[in-house]
Amino acid sequence: MSDTNTNTNDTVASQKTTENINPKKADFTQKFTKIILILSLLYFVWYIVSDRFVPHTSEARIRSFVIPIVPEVAGRISKIYIAGDRPVTQGELLFEIEDQDYIFAVEQAQGNLELAGQDVGANTAAVAAAKANLEKAKADLIAKEANANRIFEVEAKGVVSKAQGDQARGVLAAAQQSVLNTQASYEQAQEQLGQQGQKNAKIQNALAALSQSKLDLARTKVRAPSDGVISYAKINVGHYAAVGSKVMTFIDSDYFWIEASYRENNLGHITKGDAVDIVLDSSPGDIFTGEVVSVGYGVSFDKSVPGELPTPQKSTGWMRSAQRFTVIIKFDANTVDKNLLREGGQADVMTYTGDNFILNGLAKVSIWITSKLAYLY
């Protein structure tokens, strides 16, 4: 009997304890659920608003000029001075092509010119030297035009300052003036050659052949087009370099910018001059500043072949994929070490489209968290 009473009392006590605990647990669960729902709702609102006023993208890459190094004359490579992933300066020798055939061509052209001069009794040495100087000046102008055009391209986008563009224009103008000066010297040498020599077809053809052979000989030495890095050079001595075939890849190290891919509904308030914060995968924990310089106005989507009917794109889900557009961004001057910048490197970008203190403050916190998470990438 005593045991029965004891069991009954334990059961009653247990029920009372359960009754006391369950309401507390239920109340905590309800509060926790409400907190989660409120936080989810706030995040949802933040997501919608931030997408329009402080858009963020992780689809951004560092860009620079990538130039394939291709020989302009054919032959086997006799010397290699620069291997892959090494910085180079403008004009630095990269590799040489066997030049014996080209030296022979120059000697043969010189002999033909002397024979042509003997036919008309004219001294052609001064004319040949003047024409060689003219061709060299023209080749130098072509190289400097190519380099200047690259600078003008990023200047037009606002990536570099007008002062840098003016400097490139000065270098280009000097090269153009050099061509004019050597052209005048060549014409003066022709006048000294005499009327008969100027109009003699043999002499003119021999002069042209000599200039071409000297130009081909000079092209057996391939040089860096500007300051940068040779990033691809899987060749060795003896490799046959064909005309126009890529031998190395050159990356310009003077000019870098960001190409960020934004969803179409991010673009509503993005304008030129908007401030941005940038997080580079190469420098986790750091935040760099910059600004928007242009917003893309088009993308390629029509893959139909002319003359054929278009093929409509099929949706792969109940929601269509967002269209993305490219936004060009430049770094603020002297805010980032160029050693951190590599062509194709990934980045996160936060864009500030207005002066909203609250939204911008929350966005600053968000990009700061992103910069710390970059350590895990």
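Higher on the page you've got the structure.
Note that the coordinates shown come from a computational prediction; the quantities given were computed from them, not determined experimentally.

Conventions adopted
- Residues numbered from 1 in each chain as written.
- Predicted model: local features only at pLDDT ≥ 70, side-chain atom pairs only at ≥ 80, totals over all residues.
- Heavy atoms only, no water.
- Helix = DSSP H or I, 4+ residues; strand = E, 2+ residues; numbered from the N terminus.
- Buried < 20%, exposed > 50% of the residue type's maximum accessible area, 1.4 Å probe, protein only.
- Contact = heavy atoms within 4.5 Å.
- Areas by Shrake-Rupley, 256 points an atom, 1.4 Å probe, with all protein chains shown as cover.
- Pairing = 2+ DSSP bridges.
- Axes fitted to C-alpha atoms, helices over the stretch in contact; angles between N-to-C directions.
- Parallel < 35°, antiparallel > 145°, perpendicular 65-115°, else oblique.
- Left-handed = near helix turned anticlockwise from the far one by under 90°.
- Nonpolar A, V, L, I, M, F, W, Y, C, P; charged D, E, K, R; others polar.
- Salt bridge = Lys/Arg side-chain N within 4 Å of Asp/Glu carboxyl O.
- Core = buried A, V, L, I, M, F, W, Y, C linked by side-chain atoms within 4.5 Å.
- Phe/Tyr/Trp six-rings, centres within 6.5 Å; stacked < 30°, edge-to-face > 60°.

Novice: Could you clarify how one ought to interpret the overall build of the protein in this entry?
Specialist: Counting its regular elements, the protein contains 7 helices and 14 strands. For the protein, the proportion of its 377 residues judged to be buried stands at 34%. Within the protein, counting contacts between residues at least 6 apart in sequence, those at least 24 apart form 79% of the total. Of the roughly 23,300 Å² that the protein leaves accessible, carbon and sulfur atoms contribute 55%.

Novice: Honestly, the sheet that holds strand β13 (residues 324-331) in this entry has me stumped. Any pointers?
Specialist: Across a sheet, strands are paired by hydrogen bonds formed along the backbone, either parallel or antiparallel in direction. In spatial order, the strands read β1-β10-β13-β12-β11-β14; together these 6 strands close into a barrel with antiparallel pairing. Pairs of neighbouring strands in the sheet enclose a mean axial angle of 40 degrees, with direction left out of account. Relative to strand β14 (residues 346-352), strand β1 (residues 56-63) runs antiparallel, the two being bridged by 4 bridges. Paired with T57 across the bridge in β14 is V349.

Novice: Teacher, can you tell me more about the sheet that holds strand β8 (residues 240-241) here?
Specialist: If you walk across this open sheet you meet the 4 strands as β6-β5-β3-β8, and the pairing is antiparallel. The open sheet terminates on both sides in strands that have one partner only, identified here as β6 (221-223) and β8. Sheet topology note: the strand β3 (residues 75-80)/β8 ladder contains 2 bridges and is antiparallel. Within β8, the position partnered with R76 by the bridge is Y240.

Novice: Explain the pairing of strand β9 (residues 248-252) to me, please; I cannot follow it from the model alone.
Specialist: Here is the key point about a regular strand: its side chains alternate between the two faces of the sheet. Taken across its 5 residues, β9 has 5 buried, putting it largely inside the fold. The side-chain alternation of β9 yields two buried faces, one formed by M248, F250 and D252 and the other by T249 and I251. Relative to β9, strand β2 (residues 66-69) runs antiparallel, the two being bridged by 4 bridges. By the bridge assignment for β9, I67 is matched with F250. Both strand β7 (residues 228-232) and β9 contribute to a ladder of 4 bridges, which runs antiparallel. In the strand pairing of β9, I230 is matched with F250.

Novice: Please explain the packing of helix α3 (residues 125-157) against helix α6 (residues 201-218) as it appears in this structure.
Specialist: The packing of two helices is summarised by the inter-axis angle and the distance between the axes. Interaxial distance between α3 and α6 falls to 10 Å at its minimum, and their mutual angle equals 45 degrees. Between α3 and α6, the crossing angle belongs to the class labelled oblique. Our pair here, α3 against α6, has a crossing hand that is right-handed. For the pair α3 and α6, the contacting residues are V127, A128, K131, A132, E135 and A139 in the first and L207, A208, L210, S211, K214 and L215 in the second. Each residue belonging to the contact of α3 with α6 can be placed in one class, and the counts come to 8 nonpolar, 1 polar and 3 charged.

Novice: I tried to follow the pattern of salt bridges on my own but got confused; where do I start?
Specialist: Oppositely charged side chains can pair when the atoms bearing their charge come close. Per the stated rule, a full pass over the model turns up 11 salt bridges. Taking the shortest distance from any N to any O, the salt bridge between D140 and K144 comes out at 3.2 Å. In this pair, D140 and K144 are both assigned in helix α3, 4 residues apart and thus about one turn of the helix distant. Taking the shortest distance from any N to any O, the salt bridge between K162 and D166 comes out at 3.3 Å.

Novice: Explain the side chain of T220 to me, please; I cannot follow it from the model alone.
Specialist: When you line up the elements, T220 lands in the loop between α6 and β6. With a relative accessible area of 1%, T220 lands in the buried category. If we ignore the near neighbours within four places in the chain, the residues touching T220 are V73, F95, E96, I97, E98, D99 and Y102.

Novice: Just checking my understanding: could you explain the nonpolar core for this structure?
Specialist: One broad trend across soluble globular proteins is that nonpolar side chains are buried collectively. Ranked by internal contacts, the top residues of the largest apolar core, which has 30 residues, are L113, V154, V159, Y186, L207, L210 and W257. Broken down by secondary-structure element, the contributors of at least two residues to this core are α2 (100-120), α3, α4 (162-193) and α6. At 9 residues, α3 tops the list of elements feeding residues into this core. Residue contacts for V154: discarding those within four places in its chain leaves F65, V159, V160, Y255 and W257.

Novice: How should I be thinking about the packing of aromatic side chains in this particular structure?
Specialist: One pair of aromatic rings is described through two measures. These are the centre distance and the angle between the planes. Inspection of every chain in the model, using the stated rule, returns 1 aromatic pair. Ring geometry for F65 and W257: centres 5.4 Å apart, planes at 65 degrees, overall edge-to-face. A residue pair is termed long-range when its members are at least 10 positions apart, and F65 in the loop between β1 and β2 and W257 in strand β10 (residues 257-263) qualify at 192 residues. Looking at F65, the relative accessible area reads 10%, which means it is buried. Among the residues examined, W257 registers a relative accessible area of 4% and is labelled buried.

Coordinates in, geometry out; function isn't part of it.
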